[in-house]
There are 2 protein chains.
Amino acid sequence: MAKKQRELPDSCGLGPALAVIGGKWKALLLWQIHQAQPCRFGELKRLQPDISEKMLIQHLREMEADGIIHREVFHQVPPRVEYSATPEGAELDLALAPLAEWGKKHQERTEKAKVGAVRAVRTATEAAAPG
Amino acid sequence: MAKKQRELPDSCGLGPALAVIGGKWKALLLWQIHQAQPCRFGELKRLQPDISEKMLIQHLREMEADGIIHREVFHQVPPRVEYSATPEGAELDLALAPLAEWGKKHQERTEKAKVGAVRAVRTATEAAAPG
DNA sequence: ACAAGTACAGACAAAAAAGTAAGGTACTTA
DNA sequence: TAAGTACCTTACTTTTTTGTCTGTACTTGT
């Protein structure tokens, strides 16, 4: 694997899975690459403007080393590189789906409290300054 | 959520999920708590001897704040605290199963290369110092 | 008296991850 | 000649995460 990273303990297979997908942007990148294959570097950058080029290339290289994405260079000018998901990457993306589902549900649940609080505040504000 | 942590970008629900389960030992802890409910602090420590007490309590508290485990204190001497999975925690554990599956498969795949190398080295060693 | 067990808390340090900023190539367009 | 595009690379800094160590309050066993 590409970099020395925090070693995840393992007893049930989650260790290696999280080692592969645990980076800050990796899940997102895999998802986007899997959606819009093949994807170019600049395309990914545009889709995710907040990621720095360094992190982008670093994550892409690690994911390539982990065998979940494929990198293909076209010797052209200007240079052109395409990224796509390997079969393993595609499988991983599918395995991630239930987790994403849970995440969405949990997000809604935990936001209800917030929304409630916001509504209460807004109501009070509107009562104080109506119209 | 319990602590300020690196903010995960989100577009598909994976952000919040990984924020909840992303710690080094969290998935493992959830899995063990879900297996052997209810679990005491010392029990978890014994099950996972490599985790420090600080990380154990820290992760437990964060998971409690995220609503995936429940903490119950019995006012006894010596103190007694029991941890169990909430319904949401149980759901999360289930959602994690496909990922664990993938991890196991991927681990086997990537270890084939290593096993080959190890066998070669061992054979050489045994040839040098047999018996 | 002293060690051992329970479930933590807090200060501090080390390690890992992520970010910033600058540069580099090889070619095109103005 | 300068600026622009695409795809990186490197050095350096900051932030986040994890680990180590010490200490608490109380009881039981020797």
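Residues numbered from 1 in each chain as written. Chains lettered and ligands numbered in written order. Predicted model: local features only at pLDDT ≥ 70, side-chain atom pairs only at ≥ 80, totals over all residues. Heavy atoms only, no water.

**Considerations on the environment of Met55(B)**
Residues and elements named next belong to chain B. Its location among the elements puts Met55 in helix α4 (residues 53–65). By relative accessible area, which is 24% here, Met55 ends up partly exposed. Met55 sits 29 residues away from Lys26 along the chain, and the two C-alpha atoms are 9.7 Å apart. (Helix = DSSP H or I, 4+ residues; strand = E, 2+ residues; numbered from the N terminus. Buried < 20%, exposed > 50% of the residue type's maximum accessible area, 1.4 Å probe, protein only.)

**A closer look at the interface of chain A and chain B**
At the interface, 37 residues of chain A touch 37 residues of chain B. Interface area for chain A against chain B, summed over the two sides, is near 3,700 Å², with a carbon-plus-sulfur share of 70%. Taken together, the links from chain A to chain B amount to four salt bridges. Taking the shortest distance from any N to any O, the salt bridge between Glu88(B) and Arg109(A) comes out at 3.0 Å. Across the contact surface, chain A and chain B share eight residue pairs in polar contact (both at pLDDT 80 or more). Mapped by element, the contributors of at least two residues to the side of chain A that touches chain B are α1 (14–21), α2 (26–35) and α5 (87–128) of chain A. No other element matches the 15 residues that α5(A) contributes to the side of chain A that touches chain B. (Contact = heavy atoms within 4.5 Å. Buried area = accessible area lost by both parts, 1.4 Å probe. Salt bridge = Lys/Arg side-chain N within 4 Å of Asp/Glu carboxyl O. Polar contact = N/O pair within 3.5 Å; in protein donor to acceptor, adjacent residues only side chain to side chain.)

**Re the sheet that holds strand β3 (residues 80–85) of chain B**
Residues and elements named next belong to chain B. Strand order across the open sheet formed by three strands is β1-β3-β2, with antiparallel pairing between neighbours. The sheet is open, and its two edges are formed by β1 (39–40) and β2 (69–74), each paired on a single side. Of the strand pairs in this sheet, β2 and β3 are connected by six bridges, and their pairing is antiparallel. Counted as the bridge partner of Ile69 is Ala85 from β3. In the packing of helix α2 (residues 26–35) onto the sheet, the strands contacted are β1, β2 and β3, and the crossing angle to β3 comes to about 100°. Across the sheet, α4 lies against β2 and β3, angled at about 115° from β2, the strand it touches most. (Pairing = 2+ DSSP bridges. Axes fitted to C-alpha atoms, helices over the stretch in contact; angles between N-to-C directions.)

**Considering the relation of the copies chain A and chain B**
Least-squares fitting of chain A to chain B yields an RMSD of 0.1 Å, with the superposition described by an axial translation of 0.0 Å and a rotation of 180°. Both copies are brought into coincidence by an operation consistent with a two-fold rotation axis. Taking C-alpha positions as reference, the residue of chain A nearest the rotation axis is Gly22(A), located at 3.6 Å. An overlap of 100% is found between the interface residues of chain A and their copies at the interface of chain B, pointing to a shared contact surface. (Least-squares fit on C-alpha atoms with pLDDT ≥ 70 in both.)

**As for the packing of α2(B) against α4(B)**
Residues and elements named next belong to chain B. Close contact between α2 and α4 brings their axes to 10 Å; oriented N to C, the two are set at 75°. One finds that α2 runs roughly perpendicular with respect to α4. Counting all contacts with α2, which are made through Lys26, Leu29, Leu30 and Ile33, the residues of α4 involved are Leu56, His59, Leu60, Glu62 and Met63. (Parallel < 35°, antiparallel > 145°, perpendicular 65-115°, else oblique.)

**Some words on the protein's contact with DNA strand C**
Around DNA strand C, a shell composed of 26 residues is seen, among which Lys54(A), Arg40(B), Glu53(B), Ile57(B) and Arg71(B) lie nearest. The separation between a phosphate oxygen of DNA strand C and a polar main-chain atom of Gly42(B) is 3.1 Å. The contact in question runs from a sugar or linking oxygen of DNA strand C to an N or O atom on the backbone of Pro79(B), over 3.1 Å. Elements that contribute at least two residues to the surface near DNA strand C include exactly α4 (53–65) of chain A together with α3 (41–47), α4 and β3 of chain B. Tallying contributions element by element places α4(B) first for the surface near DNA strand C, with four residues. Split into classes, the residues belonging to the surface near DNA strand C amount to nine nonpolar, five polar and twelve charged. (Near = heavy atom within 4 Å. Nonpolar A, V, L, I, M, F, W, Y, C, P; charged D, E, K, R; others polar.)

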